[in-house]
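Residue-level structural notes
Chain by chain, the residues run as shown.
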Amino acid sequence: GSRVAVDKGRKSTMARPSEIVVSTSISDHSTVFAHDIRTGAQLAAYKASPGRPNQACVLGSDYLVAADLRKPLLHIWSWDRENTLSRSITSARLASVCASPDGIFLYGGTEEGEMLAWEVSTGSLVRKWNAHYSAVSKLSVSGSGSWILSVSKDGLVRVWDSSVVLNAAFQAGKVLPTIQYRDEYDDE
């Protein structure tokens, strides 16, 4: 199976993530940067395997997570340490990642259109489901953590109720989106 492991024993001394902008390198996408949102100053540079935008996210108040573009792997850093703290193997390569605002859950979207949800404290895969017909290119969670938004490469946008996704009673059933629409651009 797939597990995500984070060592929560160390506390960070860097600014809170709500005051930090996370970005990837434009040229080679092999570095994830943290910048102070007020000054633009670079606070840290985390080396990773090449990735793409939407493959990195803040996890809780102490960690940064990035998906590996080439392998089914997550790189995890603490804010105050530029070397990888941990690596976790996933069941598939992830095209996008995001975390719940409280850092309790981590979500991933695959190139094959599946979505995965992990409970961070245990590293356990809570749910894996078919979410789209093409790659899940973007994931986001509402500020309350109640809704998960996914966007696929074909422009389909879906909104998922996190209470259904994370509820063990629904594990045997199919997960259906609460809302869906197609994001189509018309230039005329």
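Given the structure is predicted, the values throughout are model-derived calculations rather than measurements. In this numbering scheme, every chain counts its residues from 1 along its sequence in written order. A pLDDT threshold of at least 70 governs which residues receive local features in this predicted model, and a stricter bar of 80 or more applies before side-chain atom pairs are shown or counted, although totals over entire chains, interfaces and linings include all residues. Side-chain figures throughout are based on the complete set of non-hydrogen atoms in the structure, without hydrogens or water.

Here we come to the overall build of the protein chain. Numbering goes from the N terminus for both helices and strands, where a helix is a DSSP run of H or I of at least four residues and a strand is a run of E of at least two. The number of helices and strands found in the protein chain is one helix and 15 strands. Residue contacts are counted whenever heavy atoms from the two residues lie within 4.5 Å of one another. Across the protein chain, contacts joining residues at least 24 apart in sequence account for 40% of those joining residues at least 6 apart. Values of accessible area rely on a 1.4 Å probe in the Shrake-Rupley scheme; residue burial ignores everything except the protein chains shown. Here the protein chain displays about 9,600 Å² of accessible surface, and carbon together with sulfur accounts for 50% of that area.

For every residue, the accessible area (1.4 Å probe, protein chains only) is compared with the maximum for its type, and the residue is labelled buried under 20%, exposed over 50%, or partly exposed between those bounds. The buried count for strand E9 (residues 105–110) comes to six of six residues, which makes it a mostly enclosed element. Pairing analysis gives five bridges linking strand E8 (residues 94–99) to E9, with the strands arranged antiparallel. Among the inter-strand pairings, Ser96 is bridged to a residue of E9, identified as Gly109. Here the rule is simple: two strands pair whenever DSSP picks up at least two bridges between them. Counting the residues that bridge the hairpin from E8 to E9 gives five residues, and of these Gly103 lies at a positive phi of roughly 75 degrees. As paired elements, E9 and strand E10 (residues 114–119) share five bridges and run antiparallel to each other. Paired with Tyr107 across the two strands is Ala117, which belongs to E10. The antiparallel pairing of E9 with E10 creates a hairpin that spans three residues between the two strands, and Gly113 there sits at a positive phi of about 95 degrees.

What follows deals with the confidence of the model for the protein chain. pLDDT runs from 0 to 100 and stands for how confident the predictor is about each residue. Of the residues in the protein chain, 77% reach a pLDDT of 70 or more, and the chain-wide mean stands at 80. Long-range and interchain partners of residues 3–13, a stretch whose pLDDT sits below 50, account for 37 contacts in this model, where long-range means more than four residues apart.

Let's shift gears to the packing of aromatic side chains. Think of it this way: a Phe, Tyr or Trp ring, Trp meaning its six-membered ring, pairs with another when their centres are within 6.5 Å, and the plane angle makes it stacked under 30 degrees, edge-to-face over 60, tilted otherwise. For the coordinates displayed, the defined rule picks out two aromatic pairs. With centroids separated by 5.6 Å and ring planes inclined at 70 degrees, the aromatic side chains of Trp129 and Trp160 adopt a geometry described as edge-to-face. With Trp129 in strand E11 (residues 124–130) and Trp160 in strand E14 (residues 156–161), the pair connects residues that are 31 residues apart, well separated along the chain. Each of the two residues, Trp129 as well as Trp160, counts as buried.

Pairing analysis gives five bridges linking strand E2 (residues 31–36) to strand E3 (residues 42–47), with the strands arranged antiparallel. Its bridge partner being in E3, Ala34 is matched across the sheet by Ala44. Connecting E2 to the antiparallel partner E3 that follows it, the hairpin turn spans five residues, and Gly40 within it adopts a positive phi of roughly 80 degrees.

We now examine the pattern of salt bridges. For this document, the term salt bridge refers to a Lys or Arg side-chain nitrogen within 4 Å of an Asp or Glu carboxyl oxygen. Applying the stated rule across the entire model yields two salt bridges. The salt bridge partner of Arg38 is Asp36, with a shortest N-O separation of 3.4 Å. The exposure class of Arg38 is exposed, given its relative accessible area of 60%. Given a relative accessible area of 13%, Asp36 falls into the buried group. Residue Lys128 pairs with Glu114 through a salt bridge whose shortest N-O separation is 3.7 Å. Residue Lys128 is located in strand E11, and its partner Glu114 is located in strand E10; the two are separated by 14 residues in the primary sequence. Assessed through its relative accessible area of 39%, Lys128 is described here as partly exposed.

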